[in-house]
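Tertiary structure, described
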Amino acid sequence: MASKTKNAADTEDTMEARAYLRFVRISPRKVKIVLDLIRGKDVGKAIGILKTTPKIASEYLYKLLRSAMANAENNNHMDVTKLYVSECFVCPGPIMKRAMFRAQGRTNRINKRSSHITIAVKEKA
């Protein structure tokens with residue numbers, strides 16, 4: 001059997017920097033709307049989009065994207081001017097369940113959702 005070995009070109013293509021934001025008290029559905037705007041864009045253009053988007057999730061994503069850029073520059077020695085958002089997604093976090101009391105002794109359940117957000121940046125070839 002032939003074993004798979006990685007050469008220098010393979011590791012350079014797959015090098016990426018990631019940043020994670022866990023347990024954010026915002027619904028994943030609201031975060032996904034803003035993530036769809038920046039997916040695949042250059043980081044400069046993505047930062048501009050996040051600064052001008054009037055959604056509450058854009059503030060969290062702006063900080064997270066800046067963190068991913070810093071990880072790429074400091075840990076992986078990538079050129080910040082060549083970076084683009086290669087991957088970004090949101091996963092649901094734990095749900096806090098609360099009760100809203102209603103008429104005639106009834107209750108409705110309120111789900112307070114949270115999110116785990118991941119952003120990965122790569123360098124253009």
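Above this text sits the structure in question.
Thresholds, definitions, all that
- Residues numbered from 1 in each chain as written.
- Predicted model: local features only at pLDDT ≥ 70, side-chain atom pairs only at ≥ 80, totals over all residues.
- Heavy atoms only, no water.
- Helix = DSSP H or I, 4+ residues; strand = E, 2+ residues; numbered from the N terminus.
- Pairing = 2+ DSSP bridges.
- Axes fitted to C-alpha atoms, helices over the stretch in contact; angles between N-to-C directions.
- Contact = heavy atoms within 4.5 Å.

This part is about unusual backbone geometry. A positive phi angle, close to 55 degrees, is found at histidine 77, a residue other than glycine. Secondary-structure assignment places histidine 77 in the loop between α4 (57–74) and β2 (83–92). Phi at glutamine 104 takes a positive value of approximately 60 degrees, unusual for a residue other than glycine. With respect to the helices and strands, glutamine 104 occurs in the loop between β3 (96–101) and β4 (107–112).

Reading across from one edge, β1-β5-β2 is the order of the three strands in this open sheet, with antiparallel pairing throughout. The open sheet is flanked by β1 (16–24) and β2, the only strands paired with a single partner. With strand direction ignored, the average angle separating the axes of adjacent strands in the sheet is 15 degrees. For β1 and strand β5 (residues 115–123), the ladder comprises seven bridges, and the chain directions are antiparallel. Bridge pairing in β5 links leucine 21 to isoleucine 117. With respect to the sheet, helix α2 (residues 28–38) is in contact with β2 and β5, its orientation differing from that of β2 by roughly 165 degrees. α4 rests against β1, β2 and β5 of the sheet, and its axis sits at about 145 degrees to β1.

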